[in-house]
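Spelled out, the chains give:
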Amino acid sequence: MNALLSVSDKTGIVEFAQALHALGIRLLSTGGTAKLLADKGLPVTEVAEVTQFPEMLDGRVKTLHPKVHGGLLARRDLPAHMAALKEHGIDTIDLLVVNLYPFEATVAKPGCTLADAIENIDIGGPAMVRSAAKNWQDVGVVTSADQYEAVLGELKAAGKLSDKLRFALSVAAFNRIAQYDGAISDYLSSVTFEAEKLSEAYVPERSQFPGQSNGQFVKVQDLRYGENSHQQAALYRDLHPAPGSIVTGEQLQGKELSYNNIADADAAWECVKSFDVPACVIVKHANPCGVAVGADVAEAYGKAFQTDPTSAFGGIIAFNRPVDAAAAQHVVKQFVEVLMAPAFTPEALEIFRPKANVRLLKIALPEQAGDSAWSRGRNAMDAKRIGSGMLLQSADNHELALADLKVVTRKQPTPQELEDLLFAWKVAKYVKSNAIVFCKGGMTMGVGAGQMSRLDSARIASIKAEHAKLSLQGTAVASDAFFPFRDGLDVVVDAGATCVIQPGGSIRDQEVIDAADERGVAMVFSGVRHFRH
């Protein structure tokens, strides 16, 4: 048996080659890989000796040769193929171990030049991988160090690879090539080419939105059905999911997650992650129906549940701190579909054990958040399918700071009102438009979501508070977009609001500001809106 090893990432390759040699497998290799294996005392034949043709063009051409591709592509069950190999003195290659030049890592580096990007486009590697993967019935193709263990296991046990493993390796190989080519296409079609600046040091400007989008996703699982039982569905994740995102979670107990469970859970998780203190978010049909912060998660849950106990029935609950026994004792009394947290104490797990249908998800939050949205567990881009197309946008990751607020009324908000306004604004970002959110003391008091009229959202939020027997006197209100007329402001002030946050930007801003002054309430502009469709 002959194995050809040519890897850019040399993690584990020496140990893997040593194990292959111990099994009596002949080792072929190229360039740096061959030198590394020889330095470790392994008998290795350079590909140039096999092809009788030297590497050339600074290594750009070394494996593009019939003695390599013939050995990979020849079908062992076809006498004509085997006769052709014999006639031309070509040995079969039974195992190919290749990982590709680090194109993705290269272009991710700040200041990557166009020359560096181009030079890290692998040609020979993908060609060999495709040849081996096409001939999967005779050749095993290894494209990741993660596969070494499984390959060695079968070789040691049976002296050969099973059809099942060879096919799985082939599928993984073609997937890797698709990912690699997609990354190259994404990069090159995002480049703003300027011929007059072309040099070895040229770092091109790049568009956020490439000329062709080649998003790659990996299937996590099939789902029982989609939004409705007549629809089919599956869950996919990014190739490299953001840390702390829902697809990185581990289900500890409960029934299989449904399409709607996952969509609602994502809404709850993204909202609760935005708080730095212990917080609880309860979501129903993609909208927060209760959000609160507290000294601990038990207090946060109690306040969040109080906002709208009716809607919370059968809801999705998310915490941004570990769930302990105290919180579990409160939550277990209610009907809940999904419960998410960074961790659960053993006592909490024991409390939920009798509730076998409750889905518990453990999702580790990023230990250290960096400057990028990705490192903080957020998507950098959002996509939405439309008929035969897709809308792509940068994600709404804007964070409002106290210094960003512009007071536009005669009345100044108090420090407590400013705190409530920022809390309300943070919640409104995750409520479907049109959104009106009443808050006070670190909890939602009434949420109006998804109405065609902002006025109706304001009325619904007031009705919700009334049903929950919550007083809206002294509350702060957030509106995700500007008030087009004063009537919406009048509704929330009539309900008891004493301060309002809105983006501003309407041609009738002054009319609404005058109304706020007339009603004696404070109003601040955020300067940004948070439509969520």
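Basis of the calculations
- Residues numbered from 1 in each chain as written.
- Predicted model: local features only at pLDDT ≥ 70, side-chain atom pairs only at ≥ 80, totals over all residues.
- Heavy atoms only, no water.
- UniProt positions renumbered as here; feature names shortened; annotations may be inferred.
- Pairing = 2+ DSSP bridges.
- Helix = DSSP H or I, 4+ residues; strand = E, 2+ residues; numbered from the N terminus.
- Right-handed = clockwise from strand over helix to strand, strands pointing away.
- 1 Å grid on protein atoms, 1.4 Å probe; cavity = no way out; pocket = protein on both sides within 12 Å on 5 of 7 lines; lining within 4 Å.
- Points joined across faces, edges and corners; volume = space filled by probe spheres on them.
- Nonpolar A, V, L, I, M, F, W, Y, C, P; charged D, E, K, R; others polar.
- Axes fitted to C-alpha atoms, helices over the stretch in contact; angles between N-to-C directions.
- Parallel < 35°, antiparallel > 145°, perpendicular 65-115°, else oblique.
- Left-handed = near helix turned anticlockwise from the far one by under 90°.
- Contact = heavy atoms within 4.5 Å.
- Domains from an automatic or database assignment.
- Polar contact = N/O pair within 3.5 Å; in protein donor to acceptor, adjacent residues only side chain to side chain.
- Core = buried A, V, L, I, M, F, W, Y, C linked by side-chain atoms within 4.5 Å.
- Buried < 20%, exposed > 50% of the residue type's maximum accessible area, 1.4 Å probe, protein only.
- Phe/Tyr/Trp six-rings, centres within 6.5 Å; stacked < 30°, edge-to-face > 60°.
- pLDDT = per-residue confidence, 0-100.

Labelled according to an unreviewed UniProt entry, the protein chain appears under the name Bifunctional purine biosynthesis protein PurH, originating from Paracidovorax wautersii. According to the UniProt record, the Sequence similarities (unreviewed entry) comment for the protein chain reads "Belongs to the PurH family."

> I keep staring at the pairing of strand E15 (residues 359–362) and nothing clicks. Help me out?
For a regular strand, side-chain orientation follows a simple rule: the groups alternate between the two sheet faces. Of the pairings in the sheet, the one linking strand E10 (residues 250–253) to E15 comprises 3 bridges and is antiparallel in character. Note on E15: the bridge partner recorded for glutamine 251 is leucine 361. In this sheet, E15 lies alongside strand E14 (residues 336–341) in parallel orientation, the contact comprising 4 bridges. Across the sheet, the residue bridging to alanine 341 is lysine 362, located in E15. Chirality of the crossover, the property in question, places the unit of E14, helix H15 (residues 346–352) and E15 among those that are right-handed.

> I tried to follow empty space enclosed by the protein on my own but got confused; where do I start?
Here the idea is plain: a probe the size of a water molecule rolls over the atoms and shows the empty space left. All chains considered together, the criterion is met by 2 cavities of 30 Å³ or more. Lining the largest cavity are Leu4, Arg26, Leu28, Val47, Val50, Lys67, Val68, Asp91 and Ile93. Secondary structure elements with two or more residues in the lining of the largest cavity: strand E2 (26–29), helix H3 (47–51) and helix H4 (66–73). Of the residues that constitute the lining of the largest cavity, the class distribution is 6 nonpolar, no polar and 3 charged. When its volume is computed, the second largest cavity comes out at roughly 40 Å³. What lines the second largest cavity is Ile282, Tyr301, Phe305, Ala312, Ile317, Gln334, Phe335 and Val336.

> Is there a simple way to think about the packing of helix H18 (residues 486–495) against helix H19 (residues 509–519) in this case?
Angle between the axes and distance between the axes are the two parameters that describe a pair of packed helices. Close contact between H18 and H19 brings their axes to 9 Å; oriented N to C, the two are set at 25°. In terms of orientation, H18 lies roughly parallel with respect to H19. The hand of the H18/H19 crossing is right-handed. Every residue of H19 that contacts H18 at Arg486, Leu489, Asp490, Val493 and Asp494 is listed here: Glu511, Val512, Ala515, Ala516, Glu518 and Arg519.

> Explain the domain arrangement of the protein chain to me, please; I cannot follow it from the model alone.
Note: interface size is frequently given as the accessible area lost on complex formation between the parts. The assigned domain composition of the protein chain is domain 1 (2–197), domain 2 (246–366 + 374–382) and domain 3 (402–525). The gap between the C-alpha centroids of domain 1 and domain 3 is 61 Å.

> What am I meant to see in the packing of helix H8 (residues 124–134) against helix H10 (residues 163–188) here?
In the contact formed by H8 and H10, the axes pass within 9 Å of each other and the chain directions differ by 150°. Here H8 lies roughly antiparallel to H10, going by the angle between them. By crossing handedness, the relation of H8 to H10 is classed as left-handed. Along the contact surface, H8 presents Pro126, Val129, Arg130, Ala133 and Lys134, while H10 presents Ser170, Ala173, Phe174, Ile177 and Tyr180. The class makeup of the residues in the contact of H8 with H10 is 7 nonpolar, 1 polar and 2 charged.

> Is there a simple way to think about the side chain of asparagine 214 in this case?
Mapped onto the fold, asparagine 214 is located in the loop between strand E7 (205–206) and strand E8 (217–223). A polar side-chain atom of asparagine 214 sits 3.0 Å from a polar atom in the side chain of aspartate 186.

> I'm lost on the sheet that holds strand E1 (residues 2–7) in this one. Help?
Within a sheet, each strand pairs with its neighbour through backbone hydrogen bonds, oriented either parallel or antiparallel. In space, the 5 strands of this open sheet follow the order E3-E2-E1-E4-E5, with parallel pairing throughout. The open sheet is flanked by strand E3 (44–46) and strand E5 (140–142), the only strands paired with a single partner. Adjacent strand axes in the sheet meet at a mean angle of 25°, parallel and antiparallel pairs treated alike. Pairing of E2 with E3 involves 3 bridges; the strand directions are parallel.

> Would you take a moment to explain the nonpolar core for this structure?
Nonpolar side chains tend to gather and get buried jointly when the protein is soluble and globular. By size, the foremost hydrophobic cluster in this structure holds 54 residues, and its most contacted members are Ile282, Ile317, Phe319, Phe438, Leu489 and Val492. Top element by residues in this core is helix H12 (residues 297–307). It accounts for 6 residues. Counting only domains with at least three residues in this core, you end up with domain 2 (246–366 + 374–382) and domain 3 (402–525). Apart from residues lying up to four places away in sequence, phenylalanine 319 is in contact with Trp269, Val272, Ala279, Cys280, Val297, Tyr301, Val331, Leu339, Met340, Ala341 and Pro342.

> Looking at this structure, I do not really get the layout of surface pockets. What am I missing?
The space that makes up the second largest pocket amounts to roughly 810 Å³. Every residue lining the second largest pocket is counted, 30 residues in all, and those nearest its centre are Lys273, Ser274, Phe275, Asp276 and Lys426. In terms of residue count, the dominant contributor to the lining of the second largest pocket is helix H16 (residues 415–428) (7 residues). Along the lines of polarity and charge, the residues of the lining of the second largest pocket split into 12 nonpolar, 7 polar and 11 charged. For the lining of the second largest pocket, the two domains that each supply at least three residues are domain 2 (246–366 + 374–382) and domain 3 (402–525).

> Help me understand the packing of aromatic side chains, please; the structure alone is not making it clear to me.
With the rule as written, the count across this model stands at 8 aromatic pairs. With a centroid separation of 5.5 Å and an interplanar angle of 40°, the aromatic rings of phenylalanine 275 and phenylalanine 423 are classed as tilted. Here the residue phenylalanine 275 occupies a position in the loop between helix H11 (259–272) and strand E11 (279–284), and phenylalanine 423 occupies one in helix H16, the gap between them amounting to 148 residues. Residue phenylalanine 275 is classed as buried on the basis of its relative accessible area, which comes to 8%. The exposure class assigned to phenylalanine 423 is buried, which follows from its relative accessible area of 8%. Each ring, one from tyrosine 301 and one from phenylalanine 319, has its centre 6.4 Å from the other, and the planes form 50°; the classification is tilted. Taken together, the residues tyrosine 301 in helix H12 and phenylalanine 319 in strand E13 (residues 315–319) connect sequence positions 18 residues apart. In this structure tyrosine 301 comes out as buried when scored by relative accessible area, which is 3%. In textbook terms, an aromatic cluster arises when at least three aromatic residues are bridged by ring pairs, as seen for Phe103, Tyr180 and Tyr187.

> Would you explain the confidence of the model for the protein chain in this entry?
Predicted confidence across the protein chain gives a mean pLDDT of 92, with 98% of residues reaching 70 or more. For the protein chain, the element scoring lowest by mean pLDDT is H3, at 83; E5 scores highest, at 97.

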